[in-house]
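Structural characterization, general
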Amino acid sequence: MSAAVLARGVRRTFAGREVLRGLDVELADGDFVALLGRSGSGKSTFLRALAGLDRGVEGELLVPSRRSVVFQDARLLPWASVLDNVVLGLRRRDALAQGRAALAEVGLAGHEDDWPKTLSGGEAQRAALARALVREPQLLLLDEPFGALDALTRIRMHALVQQLCGRYHPAVLLVTHDVDEALLLADRVLVLSDGVISLDAPVDVPSPRLRADRQFIHLRSRLLAELGVDETAEGAHDPLVVRA
Ligand SMILES: Nc1ncnc2c1ncn2[C@@H]1O[C@H](COP(=O)(O)OP(=O)(O)OP(=O)(O)O)[C@@H](O)[C@H]1O
Ligand SMILES: [Mg+2]
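Worth saying up front: this structure is predicted, and the values here are computed from it rather than measured.

1. A word on the nonpolar core
If you look at the biggest cluster of nonpolar residues, it comprises 65 residues, and the most contacted ones within it are Leu36, Ala130 and Leu173. The element contributing the most residues to this core is helix α4 (residues 121-133), with 7 residues. Excluding its chain neighbours within four sequence positions, the residues that come into contact with Ala130 are Val86, Ala102, Leu103, Glu105, Val106 and Leu108.

What follows is the structure in structure tokens.
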């Protein structure tokens, strides 16, 4: 397997404060890796660096040229139709056909001519996913893409992302606050704390992954401890708790 991402000694300082302090991360082609960390630990900063959206980052960073990002909010242009949003900037001759196909894949066939503001939150995120996938990324960067969705929509989105990644095999880096989400979706979990990767563990939970599985529970405890969350505290399994 070749490396889809190679990050060595990545540093980022904001106004004299070092947020990333020599981060090392490697992702192989097709890896699905979740990145956890407390609020403000630098997860989005690292993701932006991988996306090529930050010029102030230092260190060695090798990433594929075809990268797509999905953020917590769909970031659709309000004045363009859903289809135009999906194909924006694509220069392929078959872009419109590919855009339609991508929308069908995320269950949005028939919404091509809709305005973004008429979509529900889950639909808008699916449109953002279609926009990311139509670019056939070798690296898919997901920054809490399900964070603003209700629990049921989130479960549907998990299934959709698994299905699409199973078909296209991009390397995926999923930033999330939700330990269970990380354990349900990822092959590997990373914890970012004090500017470095403090934990890098494979998710050895048999499929179908169940929250009640012993290995799931064991790994969840390990991750919560690494994140400094008291598991016995009320609401410890609420994904928002990690923000504390
Ligand atoms: N452009 C910027 N200018 C100044 N400080 C910044 C900038 N971007 C990020 N930071 C700071 O860097 C730190 C890490 O921010 P980042 O957004 O990467 O955290 P995060 O781990 O994604 O947090 P969250 O889980 O809340 O999204 C924060 O303290 C933030 O204030
Ligand atoms: Mg963030």
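2. Observations regarding unusual backbone geometry
Among all residues except glycine, the phi angle is most often negative; among peptide bonds, the trans geometry is most common. A cis amide bond, omega -10 degrees, links Ser207 with the succeeding residue Pro208. Backbone geometry at His169 places phi at a positive 55 degrees, although glycine is not the residue there. Looking at the secondary structure, you find His169 in the loop between α5 (151-168) and β7 (171-175).

3. A few points about the site of ligand 1
Lining the immediate surroundings of ligand 1 are Phe14, Val19, Gly37, Ser39, Gly40, Ser41, Gly42, Lys43, Ser44 and Thr45. With 3 residues, the single largest contributor to the shell around ligand 1 is helix α1 (residues 43-51).

4. Some details on the sheet that holds strand β2 (residues 17-28)
Strand order across the open sheet formed by 3 strands is β2-β1-β4, with antiparallel pairing between neighbours. Among the strands making up the open sheet, the edge pair consists of β2 and β4 (58-62). The sheet shows a mean angle of 10 degrees between the axes of neighbouring strands, taken without regard to direction. Both strand β1 (residues 3-14) and β2 contribute to a ladder of 9 bridges, which runs antiparallel. Pairing of Arg11 across the sheet is with Arg21, part of β2. Packing of α1 onto the sheet brings it into contact with β1, β2 and β4, and relative to β1 it is tilted by some 125 degrees.

5. Focus: the packing of α4 against α5
Where α4 contacts α5, the two axes come as close as 11 Å, and the packing angle between them is 10 degrees. In terms of their interaxial angle, α4 and α5 are classed as roughly parallel. The two elements α4 and α5 cross, and the hand of that crossing is right-handed. Two secondary-structure elements touch here, α4 through Gly122, Gln125 and Leu133 and α5 through Thr153, Met157, Leu164 and Tyr168. Here the contact of α4 with α5 is built from residues that sort into 4 nonpolar, 3 polar and no charged.

6. A word on the sheet that holds strand β8 (residues 188-193)
Read across the open sheet, the 6 strands follow the order β5-β6-β7-β3-β8-β9; overall the sheet is mixed. The open sheet terminates on both sides in strands that have one partner only, identified here as β5 (67-70) and β9 (196-202). The mean inter-strand angle of the sheet, taken between neighbouring strand axes irrespective of direction, is 20 degrees. Against the sheet, α4 makes contact with β5 and β6 (139-143), and its axis sits at roughly 170 degrees relative to β5, the strand it touches most.

7. Concerning α5
For α5, with 18 residues, the first-to-last C-alpha span of 26 Å sits near the 26 Å given by 1.5 Å per residue. His169 sits one or two residues past α5 and shows a positive phi near 55 degrees.

8. Section: the pairing of β1
Look at any regular strand and the pattern is simple: side chains alternate between the two faces of the sheet. Following β1, the chain reverses through 2 residues before pairing antiparallel with β2; Ala15 in that reversal takes a positive phi of roughly 45 degrees. Sheet topology places β1 next to β4; 4 bridges connect them, and they run antiparallel. Bridge assignment links Arg11 to a residue of β4, and that residue is Glu58.

9. Some words on the environment of Val63
As for its placement among the helices and strands, Val63 is situated in the loop between β4 and β5. Using a count of 20 C-beta atoms within 10 Å as the deciding quantity, one classes Val63 as buried. Residues Val63 and Leu27, spaced 36 residues apart in sequence, show a C-alpha to C-alpha distance of 9.6 Å.

Thresholds, definitions, all that
- Residues numbered from 1 in each chain as written.
- Chains lettered and ligands numbered in written order.
- Predicted model: local features only at pLDDT ≥ 70, side-chain atom pairs only at ≥ 80, totals over all residues.
- Core = buried A, V, L, I, M, F, W, Y, C linked by C-beta atoms within 7 Å.
- Buried ≥ 20, exposed ≤ 12 C-beta atoms within 10 Å, placed from the backbone.
- Helix = DSSP H or I, 4+ residues; strand = E, 2+ residues; numbered from the N terminus.
- Contact = placed C-beta atoms within 7 Å.
- Near = placed C-beta within 6 Å.
- Pairing = 2+ DSSP bridges.
- Axes fitted to C-alpha atoms, helices over the stretch in contact; angles between N-to-C directions.
- Parallel < 35°, antiparallel > 145°, perpendicular 65-115°, else oblique.
- Left-handed = near helix turned anticlockwise from the far one by under 90°.
- Nonpolar A, V, L, I, M, F, W, Y, C, P; charged D, E, K, R; others polar.
- Expected span 1.5 Å × (residues − 1).

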